[in-house]
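The chain contents come next:
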Amino acid sequence: MARNEKEEAIHIGFREALALILPYLQKKIWNQFKSVIWIVLYLSVFQLLVLRIPIKEAGIISFGICAVILGLTFFLEGLFLGLMPLGEALGLKLPQKLGMFSILIFSVLLGMGATLAEPAIAILKACGSKVAPWDAPLLYYLLNGGSDTLYLSIAIGVGISVVIGMFRFLYGFSLSKILVPSVLLLLAVSIYAFFDENLQHISGLAWDSGAVTTGPVTVPLVVALGIGISKVSEKNEQSSAYGVVTLASLFPILAVFLVGIYFSNKVPKPMTEMEFFKHGIHTEQSNFLLGNNAKQYKRQTLESKTQFKQNTTFKEFPTKMVVAFQLALRAILPLSIFLILFLYFILKEKIAYPEEVQLGIVFSILGLTIFNFGIMFGLNQLGDQVGGKLPSTFRSIELTDSIKFIKNFNPKSVYTAVNEEGKEEKFFYLKERKLYSGIPYHEENWNPTNKVYEYIPIHGPIFGKEDNLLGYVIVLAFAFVLGYSATLAEPALSALGNAVEETTVGTFRKSLLIQSVAIGVGFGTLTGILKIVLEIPLIWILVPIYIFLLILNTVSKSEFIEIAWDSAGVTTGPITVPLIIAMGLGIGNQLGTIDGFGILACASAFPILSVLIMGIIVENSRKLSLNDSESKTK
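Residues numbered from 1 in each chain as written. Predicted model: local features only at pLDDT ≥ 70, side-chain atom pairs only at ≥ 80, totals over all residues. Heavy atoms only, no water.

Undergrad: Where do I start with the sheet that holds strand β2 (residues 404–407) in this structure?
TA: Strands pair in a sheet through their backbones, by hydrogen bonds, and they do so in one of two ways: parallel or antiparallel. Across the sheet, which stays open at both edges, the three strands sit in the order β2-β7-β6 with antiparallel pairing between neighbours. With partners counted over all chains shown, the strands left at the sheet margins are β2 and β6 (446–447), one partner each. Here four bridges tie β2 to strand β7 (residues 452–455), and the two strands are oriented antiparallel to one another. Residue pairing across strands places lysine 407 opposite valine 452, the latter belonging to β7. (Pairing = 2+ DSSP bridges. Helix = DSSP H or I, 4+ residues; strand = E, 2+ residues; numbered from the N terminus.)

Undergrad: Just to check I follow, could you spell out a nonpolar patch on the surface for this structure?
TA: Taken together, the side chains of Phe325, Leu329, Leu333, Ile337, Leu341, Tyr344, Phe345 and Ile346 present a nonpolar region at the surface, about 710 Å² in accessible area. With respect to the helices and strands, isoleucine 346 occurs in helix α14 (residues 317–346). Judged by relative accessible area, isoleucine 346 falls into the partly exposed class, the value being 44%. (Patch = residues over 30% accessible without salt bridge, like charges linked within 9 Å, V, L, I, M, F, W, Y side chains within 5 Å. Areas by Shrake-Rupley, 256 points an atom, 1.4 Å probe, with all protein chains shown as cover. Salt bridge = Lys/Arg side-chain N within 4 Å of Asp/Glu carboxyl O. Buried < 20%, exposed > 50% of the residue type's maximum accessible area, 1.4 Å probe, protein only.)

Undergrad: Looking at this structure, how should I read the packing of helix α2 (residues 58–97) against helix α15 (residues 354–377)?
TA: How two helices pack is summed up by the angle between their axes together with the distance between the axes. It is the contact of α2 with α15, at a shortest axis distance of 6 Å, that shows an interaxial angle of 155°. Relative to α15, α2 is oriented roughly antiparallel. Here α2 runs over α15; the crossing is left-handed. In the contact of α2 with α15, the residues fall into 23 nonpolar, eight polar and two charged. (Axes fitted to C-alpha atoms, helices over the stretch in contact; angles between N-to-C directions. Parallel < 35°, antiparallel > 145°, perpendicular 65-115°, else oblique. Left-handed = near helix turned anticlockwise from the far one by under 90°. Nonpolar A, V, L, I, M, F, W, Y, C, P; charged D, E, K, R; others polar.)

Undergrad: Explain the environment of alanine 499 to me, please; I cannot follow it from the model alone.
TA: Its place among the elements puts alanine 499 in helix α18 (residues 491–503). Assessed through its relative accessible area of 28%, alanine 499 is described here as partly exposed. Each C-alpha atom of the pair alanine 499 and isoleucine 563 lies 9.7 Å from the other, and the pair is 64 residues apart in sequence.

Undergrad: Explain unusual backbone geometry here, please?
TA: Phi is positive for arginine 52, which is not a glycine, with a value near 60°. Inspection of the secondary structure assignment puts arginine 52 in the loop between α1 (14–50) and α2.

Undergrad: Whenever I open this one, the pattern of salt bridges confuses me. Can you help?
TA: As enumerated under the stated definition, the model contains three salt bridges in all. With a closest N to O distance of 3.8 Å, lysine 28 and glutamate 77 form a salt bridge. On the criterion of sequence distance, the pair formed by lysine 28 in helix α1 and glutamate 77 in helix α2 is long-range, its members being 49 residues apart. A relative accessible area of 28% places lysine 28 in the partly exposed class. Glutamate 619 is paired through a salt bridge with arginine 622; the nearest N and O atoms lie 2.5 Å apart. One end of the pair is glutamate 619 and the other is arginine 622, both in helix α23 (residues 599–633) and three residues apart, which spans about a single turn.

Undergrad: What am I meant to see in the sheet that holds strand β5 (residues 435–440) here?
TA: Overall, antiparallel pairing links the three strands, which are arranged β3-β4-β5 in an open sheet. With one partner strand each, in any of the chains shown, β3 (415–418) and β5 form the two edges of the open sheet. Taking the axes of each pair of neighbouring strands and ignoring which way they run, one obtains an average angle of 45° across the sheet. Note that strand β4 (residues 424–432) and β5 share six bridges and pair antiparallel. Within the sheet, the bridge partner assigned to phenylalanine 428 lies in β5 and is isoleucine 439.

Undergrad: Which parts of the structure should I look at to understand the packing of α15 against helix α16 (residues 379–389)?
TA: α16 packs onto α15 with a crossing angle of 25° between their chain directions and a minimal axis gap of 3 Å. Here α15 is positioned roughly parallel relative to α16, judged by the angle of their axes. Here α15 contributes Gly374, Ile375, Met376 and Phe377 to the contact with α16, which in turn contributes Leu379, Asn380 and Gln381. Along the lines of polarity and charge, the residues of the contact of α15 with α16 split into four nonpolar, three polar and no charged. (Contact = heavy atoms within 4.5 Å.)

Structure, rendered in structure tokens:
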């Protein structure tokens, strides 16, 4: 018998609501805390105990790291509640209601929108101020005035990748059919760029862009769409969504190279700072590179060398928070509106739980705002500090963030000494606390107008003489441990491990995959730092490794090929990307290297190698076990 029951509303008081929410929130924050804190502690302890240099602005950096943890907690929860259900719903309904052309248009727009919403992509713009326009004009333009074009090109690259990935899901062809020609094309473009003065400086940026795009927004959204399409496709018998992450990290590289080729003729060639300011470029190039304020740029550059360095202050917080909010709003809101409108008006479908989706979008914006704010003051500064001081293990470095301005300096206090070669050198004594130390005197650092002497402290080499081998070994060991431990903290890798163990029926265990990827990233980070320290062109590393990977593909099972290439995409998350990029640029600036990019590219290539090798070993072990069991049954 039918019953007509009246649903009763359940009223929950404020205290009861807090009692329900707080334990859940604590658990989520604790999970993010665990993934971040070990890396932060490792960097801090290394700087304090090995490099023996105090952390500058430690209070503000700690505040920024807390903001990163809190921001990531809200952002990932918002992603889970808001954007992910929308992506899954669209993936399921799209092939049922629309034709191929509409699916492809939607895939392009989704890929572009998700990429622009990636938290790590904003890091590239923050790196723009660390590149001098005279050293690498094209790289400077793409990270400053042309940053929007750079973002858009990366987004279009991902959009095209998603389209190809959807074709693959619909028609079920192997990843290698796209992978091999794409990698060969990228290597050919990279070799071409190597022989161009401007293009060679954007090679690291281009290859690193591929790693930046496969973050916490793009990967789950694109995979959710792919799984949805794969389920309803009659021609695709595969149930996994492997391979789409790989494609999303390849085509942005090509897109950045193409944008660089287009703009390379509009910027001047690299030159010295003196040539740059002494009419080394003509007016049209100057306006293009620096905008209409070239004179102002020159004045600011010169003034920054003579002014007192201002530390970061809490007064900057409101302005930075507004900037962080604008970036988050621009990233999340257009993508959310696009997905909702498409679902309502094109597919004529309703959202299953609209309140949850709305809450998820609000959480995503709030979380990304706090995360961006934390990156500005926390991880970016910490990575920059450690990177800038890392070379002090094998070489004496200038502590440019510890510049001292000696007021009322009197040139009469300068003495003359004779060095081992018989040449005269000038110095003066400086009293710090109760100690007197001799300081080299450089006439260019003396400003007679305000009677201030600018003194840059020198630190290192810590372990022996200049360019000692032990110092290099310590730097490389530091890089390996950083890459290895940061990878273990990536939540996406754990999820991939579960999926791999399930699809291989336990043959490729989760722990084995995680260790293989972590060791690969460790060696990749080590190689990336070696590339910056020794100024090895990136192409010399990437060409042999990728050719070797393509050879390994021919002797690997397609299942392991897809797992291996996707592993590279999940290693670069919102924690590792800002830290590693800031660290690479910090080392590059300290050693005078123009291009500090490329570490992420190396950190993405080596895990493919380690997982492919492990896959071959696992497959051989499986064949041996089968042969043994067959021989026993006979």
